[in-house]
Amino acid sequence: MLIPVRCFTCGNLIADIFEEYQNKTNAGEDPAKVLDSLGIERYCCRRMLLTAVETIQQVIPFYEAIQRRKQEVQSELE
Ligand SMILES: [Zn+2]
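Residues numbered from 1 in each chain as written. Predicted model: local features only at pLDDT ≥ 70, side-chain atom pairs only at ≥ 80, totals over all residues. Heavy atoms only, no water.

Trainee: Looking at this structure, how should I read the coordination of the zinc ion?
Mentor: When four donors bind a metal tetrahedrally, each ideal donor-metal-donor angle is 109.5 degrees, and when six bind octahedrally, the ideal angles are 90 or 180 degrees. Those protein atoms acting as donors to the zinc ion are C7 (SG), C10 (SG), C44 (SG) and C45 (SG), and they sit at 2.3 Å. The coordination sphere of the zinc ion comprises four donor atoms, whose angles at the metal cover 94 to 117°; the geometry is tetrahedral. Positions of the donor residues of the zinc ion, expressed as sequence spacing, correspond to C-x2-C-x33-C-C. Separated by 35 residues along the polypeptide, C10 in the segment before α1 (15–26) and C45 in helix α3 (residues 43–50) bring together distant segments of the chain. The partly exposed category is assigned to C10, whose relative accessible area is 34%. (Donors = N, O, S within 2.8 Å, 3.2 Å for Na, K, Ca; no water. Tetrahedral: all angles 85-135°; square planar, octahedral: opposite > 155°, others 65-115°. Helix = DSSP H or I, 4+ residues; strand = E, 2+ residues; numbered from the N terminus. Buried < 20%, exposed > 50% of the residue type's maximum accessible area, 1.4 Å probe, protein only.)

Trainee: Whenever I open this one, the packing of helix α2 (residues 31–38) against α3 confuses me. Can you help?
Mentor: Relative placement of two packed helices is described by the angle separating their axes and the distance separating the axes. Running from N to C, α2 and α3 point in directions that differ by 125°, and their axes come no closer than 11 Å. By the angle class used here, α2 and α3 are oblique. Of the two elements, α2 crosses α3, and the hand of that crossing is right-handed. Seen from α2, the contacting residues are P31, A32, L35 and D36; seen from α3, they are R46, L49 and L50. Looking at the contact of α2 with α3, its residues break down into five nonpolar, no polar and two charged. (Axes fitted to C-alpha atoms, helices over the stretch in contact; angles between N-to-C directions. Parallel < 35°, antiparallel > 145°, perpendicular 65-115°, else oblique. Left-handed = near helix turned anticlockwise from the far one by under 90°. Contact = heavy atoms within 4.5 Å. Nonpolar A, V, L, I, M, F, W, Y, C, P; charged D, E, K, R; others polar.)

Trainee: Would you take a moment to explain the pattern of salt bridges for this structure?
Mentor: Opposite charge on two side chains allows them to pair when their charged atoms are near. Evaluated as defined, the whole model comprises three salt bridges. With a shortest N-O distance of 2.9 Å, R46 and D36 are connected by a salt bridge. With R46 in helix α3 and D36 in helix α2, this pair connects stretches of sequence that are 10 residues apart. Taking the relative accessible area as the measure of exposure, D36 reaches 47% and is therefore partly exposed. A salt bridge links R69 to E72, with the nearest nitrogen and oxygen atoms 2.9 Å apart. Of this pair, R69 and E72 both sit in helix α4 (residues 56–77), separated by three residues, roughly a single helical turn. Its relative accessible area of 43% is what places R69 among the partly exposed residues. (Salt bridge = Lys/Arg side-chain N within 4 Å of Asp/Glu carboxyl O.)

Set out below in structure tokens:
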């Protein structure tokens, strides 16, 4: 889902650089060099960015299915 605002281990703010990190790595830059250039040196903070997975596109169909089912139940009740 969303990137955590702070590193779980040390509490360093990481959410503010996530978009820039993502843009650069999606453009094909080496993640290690991007993290170095952004000033993320501790490995606890680096793993927060390296292991972040955007899952919202996989989750959305379930919410849509729940919404459809609610509408079906509602129309059966009327
Ligand atoms: Zn950290």
